[in-house]
Amino acid sequence: VVLVSLLNPCPMAAAMIAATLLMAAVLMAIPKLRQGEGGGPRFVSLLQGAIRPNTYVGLAAAYALFGTAGLTLAAAAIVAVIPLVNFISIIALLRWTGASHSARPGWGAALVASLKNPIIIACVLGAALNFTGLGLPPVVGPILDILGSAALPLGLMAVGAGLNFDAVHARRSTITQAVVLKLLIMPGLTYAACVALGVSGITLTVAVMFAALPVAAGSYVMTRQMGGDGPLMAGIITATTIAAGVT
């Protein structure tokens, strides 16, 4: 609690939310992106590629660079950003891809569906247990703690196993756009938002680093399950994972 108070992650969280909403709003406001080859499914993969960070890589990098302080800030970033990007992704997938594309469900139906997403539910519950000071419940808590300790290395291994170089070669133009949006524009927007809100020091560094993470591997699973362009999503994940090693 003392560490969180010293780091003051709330302005950082607000800046990251603002940058994410701005990126998504601008992309959704350009009808041309949903036209041409691939249409809606192509657009949704591009949208996810621009806003969804790989938290496994982010947690590992933040802890390696800044220890407990970095891990605390990365956790705050996850609570702020992950429910939001999943919410946006689910709504986009429901409205612009697969079988649901012709039906175009209303915003209310899309909202209900997104709130049932297990990632969003887990983030909200975890944040509630953390900020109320309740922590993990007895008996179940230690089991969840053990599973959580294994999640980070397993997640990093899954990222490597899911790399798809053929998909990168086949859809070079769209994938290049996603790489520029995710690894250059998104960190730039986050930096500008942080400066505007007075975020500085380690907090600023972690926020920009988090915004510059490669695309989450879970994007591919969600895209496949909801009728999106899975191969393109796999290519975007692969390209951003490779390029993020430089950026």
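Every value quoted in this text rests on a predicted model; they were computed, and no experiment measured them.

K.L.:
Describe the overall build of the chain, and please don't skip the residues or the numbers.
P.N.:
A tally of helices and strands in the chain yields 13 helices and 0 strands. Reading the secondary structure of the chain in the N-to-C direction produces α-α-α-α-α-α-α-α-α-α-α-α-α. Taken over 247 residues, the chain has a buried fraction of 43%. Expressed as a percentage of contacts within the chain between residues at least 6 apart in sequence, the contacts between residues at least 24 apart total 77%. Working note: accessible area of the chain is about 12000 Å², and carbon and sulfur atoms make up 72% of it.

K.L.:
Just give me the short version of helix 13 (residues 230-244), but keep the residues and values in it.
P.N.:
Along its 15 residues, helix 13 runs 21 Å from first to last C-alpha, staying within 8% of the 21 Å computed at 1.5 Å per residue. Where helix 13 is buried, its residues contact helix 3 (39-51), helix 9 (165-170), helix 10 (172-196) and helix 12 (218-225). If you check the start of helix 13, you find a side-chain oxygen 3.1 Å away from the backbone N of L232, and it comes from D229.

K.L.:
I'd love a proper account of the nonpolar core, names of residues and values included.
P.N.:
With 53 residues, the main nonpolar core has M12 and L27 as its most contacted residues. Among the secondary structure elements, those contributing two or more residues to this core are helix 2 (10-28), helix 3, helix 4 (55-96), helix 10, helix 11 (201-211) and helix 13. With 15 residues, the single largest contributor to this core is helix 4.

K.L.:
Give me the pattern of salt bridges: which residues, what numbers.
P.N.:
One pass over the full model with this rule turns up 1 salt bridge. Between R171 and D229 there is a salt bridge whose closest N-O contact spans 2.7 Å. With a gap of 58 residues between them, R171 in the loop between helix 9 and helix 10 and D229 in the loop between helix 12 and helix 13 connect regions that are remote in the sequence. Judged by its relative accessible area of 26%, R171 is partly exposed.

K.L.:
I'd like a description of the packing of helix 3 against helix 10, backed by residues and values.
P.N.:
Axis separation between helix 3 and helix 10 bottoms out at 8 Å; the angle between their running directions is 25°. Taken together, helix 3 and helix 10 sit at an angle that is classed as roughly parallel. Helix 3 and helix 10 meet at a crossing whose hand is right-handed. The segment helix 3 lies against helix 10, with R42, L46, G49, A50 and I51 engaging T174, Q177, A178, L181, K182 and M186. A per-class count over the contact of helix 3 with helix 10 returns 6 nonpolar, 3 polar and 2 charged.

K.L.:
Account for a nonpolar patch on the surface, with residues named and values stated.
P.N.:
Taken together, the side chains of L136, V139, V140, I143, L144 and L147 make up a nonpolar region of the molecular surface, amounting to roughly 580 Å² of accessible area. Considering the arrangement of structural elements, one finds L136 in the loop between helix 7 (118-131) and helix 8 (140-161). Residue class for L136 comes out partly exposed when judged on its relative accessible area of 47%.

Calculation notes
Just so you know, the residues in each chain are numbered from 1, in the order the chain's sequence is written. The predicted nature of this model means local features are confined to residues of pLDDT at least 70 and side-chain atom pairs, given and counted, to a pLDDT of 80 or more, with totals for whole chains, interfaces and linings taken over all residues. The basis for every side-chain value is the complete set of non-hydrogen atoms in the structure, without hydrogens or water. Helix numbering and strand numbering both begin at the N terminus, where a helix is a DSSP run of H or I of at least 4 residues and a strand a DSSP run of E of at least 2. Only protein chains enter the accessibility calculation, which uses a 1.4 Å probe; a residue is then buried when its area is under 20% of its type maximum, exposed when over 50%, and partly exposed in between. Should any heavy atoms of two residues lie within 4.5 Å, those residues are considered in contact. All accessible-area figures derive from a Shrake-Rupley calculation using a 1.4 Å probe, and residue coverage is judged against the displayed protein chains alone. Take the number of residues in a helix, subtract one, and multiply by 1.5 Å to get its expected span. Pairing of N or O atoms within 3.5 Å defines a polar contact, subject to two protein rules: one partner must be a possible hydrogen donor and the other a possible acceptor, and residues neighboring in sequence count only if both atoms are side-chain atoms. Note on terminology: a nonpolar core comprises buried Ala, Val, Leu, Ile, Met, Phe, Trp, Tyr and Cys residues joined through side-chain atoms within 4.5 Å. Just to be clear on terms, a salt bridge is a Lys or Arg side-chain nitrogen sitting within 4 Å of an Asp or Glu carboxyl oxygen. Angles run from 0 to 180 degrees between N-to-C directions of axes, and those axes are lines fitted to C-alpha atoms, restricted for helices to the stretch in contact. Angles below 35 degrees are treated as roughly parallel, those above 145 as roughly antiparallel, those between 65 and 115 as roughly perpendicular, and all remaining angles as oblique. In a left-handed crossing the near helix is turned counterclockwise from the far helix by less than a right angle, and in a right-handed crossing that turn is clockwise. Throughout, the ten residues Ala, Val, Leu, Ile, Met, Phe, Trp, Tyr, Cys and Pro are labelled nonpolar, Asp, Glu, Lys and Arg are labelled charged, and all others, Gly among them, are labelled polar. Within this analysis, patches are made of residues with over 30% relative accessible area and no salt bridge. Like charges are joined at 9 Å or less; nonpolar side chains (Val, Leu, Ile, Met, Phe, Trp, Tyr) at 5 Å or less.

Read these as spatial facts, not as claims about activity.
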